[in-house]
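# Fold and contact review
Here is what each chain is made of, one letter per residue.
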Amino acid sequence: MEKLIEICGLNKSYGKKQVLNNVDLTVENGQIIGLLGPNGSGKTTMLKIMTGLLKDYQGVVKIDGKSVGAESKAVVSYLPDEPYFSDWMKVNDVLGIFRDMYHDFDETKCKRIMDKFKIDNKMRIKSMSKGTKEKFQLALVMSRKAKLIIMDEPIGGVDPAAREVILDTILENYDENQTILIATHLIADIERIFSNVVFIKEGNIVLDKDVETLRQETGKSIDELFREEFKY
Ligand SMILES: Nc1ncnc2c1ncn2[C@@H]1O[C@H](COP(=O)(O)OP(=O)(O)OP(=O)(O)O)[C@@H](O)[C@H]1O
């Protein structure tokens, strides 16, 4: 299988604080991977390095065979942990930005997902609840035909019923040639969609396996395994 993400000897520190320790990770095409770890374990830092937002690190990071930069950014669709549009904008303005910025943006698909979430073109971002903003971001990010979709806590701000709708939307709109990497600590809610999981603990990868093998080997859910690994 094609290697989509190749990380080798990745180290990152903020000042004197080392937050990623010699991380090696390979991700193949066509998977939905959970990057799972408690608060402060280094998930967001890893994602920001892969998307090119953080540049001062040591090690090799390649996406689709390219070093992180303009070329790799073109194949990555990123949902950050905070909204990236401004409050004064309307939905239509944001759609226009996506249309201009990303040649792979499928607006028809985006509007179909927005309809499902009851998001209207004329809505102002300011008037949206946190959950609706999250849903709108998800619609945008899932509507790019990018090889790699990276999501940082996509269900952090929504209630349990809305979480189900969001997960179903991810599954329905996921194309098997894409890979989705999702960082979260809400494991019980989301584990049903993962094909693989990576546990990160204090900047070290402590587990990297496919979910089927893991469940067969241990007879446990990912949530149970996570609780055991990260017990206080
Ligand atoms: N800009 C920064 N300056 C200094 N320290 C930082 C900065 N960003 C993150 N850190 C620290 O790096 C460590 C890893 O943070 P990171 O946000 O990557 O973790 P995380 O696993 O995504 O956490 P969470 O689940 O809470 O979002 C934490 O100890 C955090 O305090």
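Residues numbered from 1 in each chain as written. Predicted model: local features only at pLDDT ≥ 70, side-chain atom pairs only at ≥ 80, totals over all residues. Heavy atoms only, no water.

## Some details on the site of the ligand
With respect to spatial proximity, the complete set of residues near the ligand consists of Tyr-14, Lys-17, Val-19, Pro-38, Asn-39, Gly-40, Ser-41, Gly-42, Lys-43, Thr-44, Thr-45 and His-185. In the environment of the ligand, an oxygen atom lies 3.1 Å from a nitrogen or oxygen atom belonging to the backbone of Ser-41. At 2.6 Å from an oxygen atom of the ligand is found a side-chain nitrogen or oxygen belonging to Thr-45. About the coverage of the ligand: the protein hides 60% of its 630 Å² of free accessible area. Secondary-structure elements contributing two or more residues to the shell around the ligand are strand E2 (17-28) and helix H1 (43-51). Looking at the shell around the ligand, the element that brings in the most residues is H1, giving three residues. Of the residues contributing to the shell around the ligand, the split by class is three nonpolar, seven polar and two charged. (Near = heavy atom within 4 Å. Polar contact = N/O pair within 3.5 Å; in protein donor to acceptor, adjacent residues only side chain to side chain. Areas by Shrake-Rupley, 256 points an atom, 1.4 Å probe, with all protein chains shown as cover. Helix = DSSP H or I, 4+ residues; strand = E, 2+ residues; numbered from the N terminus. Nonpolar A, V, L, I, M, F, W, Y, C, P; charged D, E, K, R; others polar.)

## Some points on the packing of helix H4 (residues 107-116) against helix H5 (residues 130-142)
Between H4 and H5, whose axes approach to 8 Å, the crossing angle comes to 155 degrees. Relative to H5, the element H4 is oriented roughly antiparallel. Crossing hand, H4 versus H5: right-handed. The segment H4 lies against H5, with Lys-109, Cys-110, Ile-113 and Met-114 engaging Phe-136, Ala-139, Leu-140 and Met-142. For the contact of H4 with H5, the residue count by class is seven nonpolar, no polar and one charged. (Axes fitted to C-alpha atoms, helices over the stretch in contact; angles between N-to-C directions. Parallel < 35°, antiparallel > 145°, perpendicular 65-115°, else oblique. Left-handed = near helix turned anticlockwise from the far one by under 90°. Contact = heavy atoms within 4.5 Å.)

## A word on the packing of aromatic side chains
Throughout the structure, instances matching the rule amount to six aromatic pairs. Their ring planes at 35 degrees and their centres at 5.3 Å tell us that Phe-85 and Phe-136 sit as a pair that is tilted. Of this pair, Phe-85 sits in the loop between strand E6 (76-79) and helix H3 (91-101) while Phe-136 sits in helix H5, placing them 51 residues apart in sequence. Each member of the pair, Phe-85 as well as Phe-136, is classed as buried. A centroid spacing of 5.7 Å and a plane angle of 50 degrees characterise the contact between Phe-199 and Phe-230, whose relative ring orientation is tilted. Taken together, the residues Phe-199 in strand E9 (residues 196-201) and Phe-230 in the segment after helix H9 (222-229) connect sequence positions 31 residues apart. On the basis of relative accessibility, which here comes to 2%, the residue Phe-199 falls in the buried class. Linked through ring pairs, Phe-98, Tyr-102 and Phe-105 together constitute an aromatic cluster. (Phe/Tyr/Trp six-rings, centres within 6.5 Å; stacked < 30°, edge-to-face > 60°. Buried < 20%, exposed > 50% of the residue type's maximum accessible area, 1.4 Å probe, protein only.)

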